[in-house]
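Descriptive structure summary
Given next are the chains, with one letter for each unit.
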Amino acid sequence: MNTLGRLEDLPIDYVAALKAQNLVPLWPSLRAVLPPDRPRPNTRATHWSYEALRPLLLKAGELTPIEKAERRVLVLANPGHGLEKMQASAAIYLGMQLLLPGEWAPSHRHTPNAVRMIVEGEGAYTTVDGEKCPMRRGDLILTPTGLWHEHGHDGSEPVVWLDVLDLPLVYYMEASYHVDGDRQTVKPQHGDRAYARGGVVPTPVFERSRRAYPMLRYPWADARAALESLAADQPGLEAVQVTYTNPETGGHAENILGFYALMLRPSQTLKLPVRSPATVFHVIEGAATVQVEDQHFRLAEADTCCAPGYTSVTLGNTSSSQPSFLFIADETPLHQKLGVFEVRP
Ligand SMILES: [Fe+2]
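Residues numbered from 1 in each chain as written. Predicted model: local features only at pLDDT ≥ 70, side-chain atom pairs only at ≥ 80, totals over all residues. Heavy atoms only, no water.

**Description of unusual backbone geometry**
Here the phi dihedral of Ser267 falls at roughly 65 degrees; this positive angle occurs in a residue that is not glycine. Relative to the assigned elements, Ser267 resides in the loop between strand 14 (258-264) and strand 15 (269-272). Under the relative-accessibility criterion, Ser267 is labelled partly exposed at 44%. Non-glycine residue Tyr310 carries a positive phi angle of around 60 degrees. As for its placement among the helices and strands, Tyr310 is situated in the loop between strand 20 (304-307) and strand 21 (313-316). When its relative accessible area of 15% is taken as the criterion, Tyr310 is described as buried. (Helix = DSSP H or I, 4+ residues; strand = E, 2+ residues; numbered from the N terminus. Buried < 20%, exposed > 50% of the residue type's maximum accessible area, 1.4 Å probe, protein only.)

This is the structure we're talking about:
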């Protein structure tokens, strides 16, 4: 590959004349924006220990009342992007949110799509689009773009959840904003009950639902049962994995990020294909090892890590007796919609 001309190779007065007209020569930056063979991601493989972050999050509960935080969150920021950018990857934002007993995080809606994966605690709930969704360990609750949501807590212990948003992408698009709202009126509807079994959907007088997001809560008990059932049915299946889908369309549950649950059998090692999207792994139950190229991370329960796209990732379960269960988020729907999705041999 021949080296291209540098900015310093150009006469100073010529560069100044370009700048005065808001013009930039492409060739000094061409290799940086179009690197050979594969991207050069800023996203770095990064591990966030729950044991390390939990006391800091609980301390935030003492230092900052909910009224002063609105959402009391410690952002899991990727140092490769610079911590101030508050992003885990190009399109993924991760935050650990704390809600204390009796607290209420007021209703709002915004353009970025969010989900929450409940990490610990009982008694909290999120009301989304009028549907009251109880929050229990491992549950996935959607708050898709434009839908009102608020959080309350009737229990007696702190509740913590992992927020996963496409905020960096929507912010980059200059399309990110929020609207505050009044407390929602709870409607008698539960998507997780209406869509309680795969293969059958509600059709009152032959009509399919027209809601864009018919299912807002995906109980962990159901996702876990689906994984165990799949593992028992297919003992030779290498990857025991399910995708959280919109039950009316069969497509991904949200538009930009994809969400999955994976079961690793005792002592299993699983090499994932090299794919273009960045991926986040969060341990719901058990423990796991995550190897990203030559970096090794040991994830305990409730730990989270991320891997950039175009890298080889190998997951492992170090327990010889217990399965481990992972929640996974990635940028697959985004890459597919934009036509840049790739799987490499
Ligand atoms: Fe929100």
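Structure's up, so let's keep going.
**Examining helix 3 (residues 50-63)**
For helix 3, which comprises 14 residues, the first-to-last C-alpha distance of 19 Å matches the rise-based estimate of 20 Å (1.5 Å per residue) to within 8%. Every buried residue of helix 3 is listed here: Tyr50, Leu53, Leu57, Ala60 and Gly61. Mapping the buried residues of helix 3 onto a view down its axis gives an arc of 100 degrees, with all of them on the same face. Summarising the geometry of helix 3, the exposed residues directed more than 90 degrees from the buried face are Glu51, Leu56, Glu62 and Leu63. In this structure, the buried side of helix 3 is in contact with strand 1 (46-48), strand 2 (73-75), strand 3 (93-99), strand 5 (114-120) and strand 10 (159-165). N-cap assignment for helix 3: the residue whose side-chain oxygen lies 3.3 Å from the backbone N of Glu51 is Ser49. (Expected span 1.5 Å × (residues − 1). Arc of directions from axis to C-beta. Contact = heavy atoms within 4.5 Å. Polar contact = N/O pair within 3.5 Å; in protein donor to acceptor, adjacent residues only side chain to side chain.)

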